[in-house]
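# Working through the structure, step by step
Each chain is listed here by its residues.
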Amino acid sequence: MPGVELLRADLLHDGSDRALERLLADSDVVVNAAGSGWRGTLEQMLDAYAVLVERLLRLIPPHIRLVQLGTVHE
């Protein structure tokens, strides 16, 4: 779509906030579709469904809408 930028980033394992800062620079909406469904290990599911979401909630300013695409694991 014109005017829409897709940024694929590993916000969980990047080790810094650089990717998230780039993501938020001109964003109105952030869509989190991270996860591995039934294929992940317990650690992978905790990372994707809890750790990452908590980090996003903590770092995304209130004026940016977060859309969380979830699974039955959440």
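As the structure is a prediction and not an experimental result, all values here were calculated from the model.

Basis of the calculations
- Residues numbered from 1 in each chain as written.
- Predicted model: local features only at pLDDT ≥ 70, side-chain atom pairs only at ≥ 80, totals over all residues.
- Heavy atoms only, no water.
- Helix = DSSP H or I, 4+ residues; strand = E, 2+ residues; numbered from the N terminus.
- Buried < 20%, exposed > 50% of the residue type's maximum accessible area, 1.4 Å probe, protein only.
- Contact = heavy atoms within 4.5 Å.
- Areas by Shrake-Rupley, 256 points an atom, 1.4 Å probe, with all protein chains shown as cover.
- Polar contact = N/O pair within 3.5 Å; in protein donor to acceptor, adjacent residues only side chain to side chain.
- Patch = residues over 30% accessible without salt bridge, like charges linked within 9 Å, V, L, I, M, F, W, Y side chains within 5 Å.
- Salt bridge = Lys/Arg side-chain N within 4 Å of Asp/Glu carboxyl O.
- Core = buried A, V, L, I, M, F, W, Y, C linked by side-chain atoms within 4.5 Å.
- Expected span 1.5 Å × (residues − 1).
- Pairing = 2+ DSSP bridges.

## Description of the overall build of the protein
- Each helix and strand counted, the protein has two helices and two strands in total.
- Listing every helix and strand of the protein by position from the N terminus yields α-β-α-β.
- Counting all 74 residues of the protein, 28% fall into the buried class.
- Here the contacts in the protein between residues at least 6 apart in sequence split such that 62% fall between residues at least 24 apart.
- About 5,700 Å² of surface is accessible on the protein, with carbon and sulfur atoms providing 55% of the total.

## Details of the side chain of Asn32
- Tracing the backbone through its elements, the reader meets Asn32 in strand S1 (residues 29-32).
- Asn32 gets classed as buried once you look at its relative accessible area, which sits at 6%.
- At a separation of 2.8 Å, a polar atom in the side chain of Asn32 contacts the side chain of Gln68.
- In this structure, Asn32 is in contact with Leu52, Val53, Leu56, Leu66, Val67, Gln68 and Leu69, ignoring residues within four places of it in sequence.

## Here we look at a nonpolar patch on the surface
- A cluster of nonpolar side chains, Val29, Val31 and Leu69, forms an exposed patch at the surface whose accessible area comes to about 260 Å².
- Tracing the chain through its elements places Val29 in strand S1.

## A closer look at the nonpolar core
- Leu11, Ala19, Leu20, Leu23, Leu24, Val30, Leu52, Leu56, Ile60 and Ile64 together form the largest nonpolar core, which totals ten residues.
- Of all the elements in the fold, those that place two or more residues in this core are helix H1 (18-24) and helix H2 (42-59).
- With four residues, H1 is the largest single contributor of residues to this core.
- Ile64 has contacts with Leu24, Ser27, Asp28, Val29 and Val30, leaving out every residue within four places of it along the chain.

## Some words on H2
- Between its first and last C-alpha, H2 extends 25 Å over 18 residues, near the 26 Å set by a 1.5 Å rise per residue.
- Those residues of H2 that fall on the buried side of the exposure criterion are Met45, Asp47, Ala48, Tyr49, Leu52, Val53, Arg55 and Leu56.
- At its buried positions, H2 is contacted by H1, S1 and strand S2 (65-68).

## Observations concerning the pairing of S1
- Side-chain alternation along S1 places Val30 and Asn32 on a buried face and Val29 and Val31 on a face that remains uncovered.
- When S1 meets S2, the two strands line up parallel, connected through four bridges. The residue of S2 that forms the bridge with Val29 is Arg65.

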